[in-house]
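Examination of the molecular architecture
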Amino acid sequence: MTSTVPRDRAGAKRAPAPPGGAAGSRRDRRGRLTLGVRFRRDRALILMTVPVLSLLLVFNYVPILGNVVAFQDYDPYLSDNGFVAMLQSPGAGLDQFQRVFADPEFWHAVRNTFTLFLLQLVLFFPVPIALALLINSVVRPRVRAVAQAVMYLPHFFSWVLVVTVFQQIFGGAGVIAQTLREHGHAGFDVMTDPSVFKYLVTAQMVWKDAGWGIIVFLAALAAVPTDLYEAAAMDGAGRLRRMWHITLPALRPVIALLLVLRVGDALTVGFEQFLLQRQAVGPDASEVLDTYVWWNGIRNQDFSYAAAAGLIKGVVGLTLVLVANKVAHLMGEQGVYEK
């Protein structure tokens, strides 16, 4: 029998090649490619992400260093340079946090924030899912494209334009109120009614941002194999049963991910949207944590106090993300990151 042991030109036996051929030496003990190999392979993609990472670093991570003023009695007038003024400001320990927790207006803003978040979670979150399922059921591609474009268009509108459109429709001088007066009925002004303000801002958010959610869910639906629908139809499953047993399970990972992100963003329910309508309905109805921090930090120039309130908001938001992601893991979903 002929030997299969490799030999060199002198007839000596050579050492067997590493597993995987020449690429075996490029792998670590776990069989994965080394960092250098992966970097050379993906260097073009990495270079493409450098501008985005730079923007995140400058505008999202570097400002985190400014949270140190929450533990100081910060005085911006100590120096023309804000960084130097931060270094020269005296320390205050946890005094700013004690002031925040003792302020009843802070807890009022917290209650408003969570109330609006729960309302938006119940009324807003299911809307993109339902609309995506509705558009996905349309057979004609042209009708589907037009409907998708019309629903996605308000996402590009600024909050100034959104509030203006609602003012022209539901305001005291809006189209509906004027039409009612012309026919002998009493008009109304939804835009200045504090009792319906939370439903008003939820409707504004649905109209503006539902289109973005539709795009996300339609992308998930596009990845569902059509063979599953055909097999279910051959087995006698109707449209509702196919939606319940095929479509919704396919959307479950995306729903879980967006729900975790939405819960983590619970304390940020819309700064500009509420600030624009604060004067119309009053702070009792429109005060949320973002406007509370802005009012105390920018308008009252109590920077250390506002920084302490903002830091509390960030810590609570991070905790909510971790808890929601843990719940997603217990439900068998990946969430924001794997276990």
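By convention here, each chain's residues receive numbers from 1 onward along its written sequence. Reporting of local features is limited, given that this is a predicted model, to residues whose pLDDT is at least 70; pairs of side-chain atoms are given and counted only at 80 or more, and all residues count toward the totals for whole chains, interfaces and linings. Neither water nor hydrogens contribute to the side-chain values; these are computed over all heavy atoms in the structure.

At a minimum axis separation of 9 Å, helix H4 (residues 95-102) and helix H16 (residues 303-330) run at an interaxial angle of 75°. With respect to their mutual orientation, H4 and H16 come out roughly perpendicular. On H16, the residues that touch Gln96, Phe97, Arg99, Val100 and Phe101 of H4 are Ser304, Tyr305, Ala308, Ala309, Leu311 and Ile312. Its residues placed into classes, the contact of H4 with H16 shows eight nonpolar, two polar and one charged. Helix axes are fitted to C-alpha atoms over the stretch in contact, other axes to C-alpha atoms as well, and angles between N-to-C directions run from 0 to 180 degrees. Strands here are runs of E lasting at least two residues and helices are runs of H or I lasting at least four, both read from the DSSP assignment and numbered beginning at the N terminus. Any angle from 65 to 115 degrees is called roughly perpendicular, while one under 35 is roughly parallel, one over 145 is roughly antiparallel, and all others are oblique. Note on contacts: a residue pair qualifies if any of its non-hydrogen atoms lie within 4.5 Å across the two residues. Side-chain classes are defined by residue name, with Ala, Val, Leu, Ile, Met, Phe, Trp, Tyr, Cys and Pro counting as nonpolar, Asp, Glu, Lys and Arg as charged, and the others, Gly among them, as polar.

Bringing the packing of aromatic side chains into the picture now. Working definition: a ring pair exists when centres of Phe, Tyr or Trp rings (six-membered ring for Trp) sit within 6.5 Å. Plane angles under 30 degrees give stacked, over 60 give edge-to-face, the rest tilted. A complete count under the given rule lists 14 aromatic pairs for this structure. With a centroid separation of 5.9 Å and 45° between ring planes, the pair formed by Phe157 and Trp207 is classed as tilted. With Phe157 in the loop between helix H7 (141-152) and helix H8 (159-170) and Trp207 in helix H10 (residues 197-222), this residue pair connects regions lying 50 residues apart in the sequence. To sort residues, take the accessible area from a 1.4 Å probe on protein chains only and compare it with the maximum for the residue type: under 20% means buried, over 50% means exposed, and anything in between is partly exposed. Assessed through its relative accessible area of 23%, Phe157 is described here as partly exposed. Under the relative-accessibility criterion, Trp207 is labelled partly exposed at 33%. An aromatic cluster is present here, built from Phe101, Phe106, Trp107, Tyr292 and Tyr305 joined pairwise through their rings. We count a charge as sitting over a ring when the NZ of a lysine or the CZ of an arginine lies within 6 Å of the ring centre and within 35 degrees of the ring normal. Positioned above the aromatic ring of Trp295 is the side chain of Arg299, whose terminal nitrogen or guanidinium carbon lies 4.6 Å from the ring centre.

The next subject is the layout of surface pockets. Throughout, the protein atoms alone are placed on a 1 Å grid, and a set of points is a cavity if a 1.4 Å probe fits but cannot get out or a pocket if it is open with protein on both sides within 12 Å along at least five of seven lines; lining residues have an atom within 4 Å of a point. Grid points are joined across faces, edges and corners, and a volume is the space filled by probe spheres set on the points. If you add up the space inside the largest pocket, you get close to 820 Å³. Ile64, Asn67, Gly310, Lys313 and Gly314 are the residues nearest the centre of the largest pocket, which is lined by 21 residues in total. At the level of elements, helix H2 (43-61), helix H15 (289-299) and H16 are the ones that each hand at least two residues to the lining of the largest pocket. Broken down by class, the residue content of the lining of the largest pocket amounts to 14 nonpolar, five polar and two charged. Space inside the second largest pocket adds up to approximately 590 Å³.

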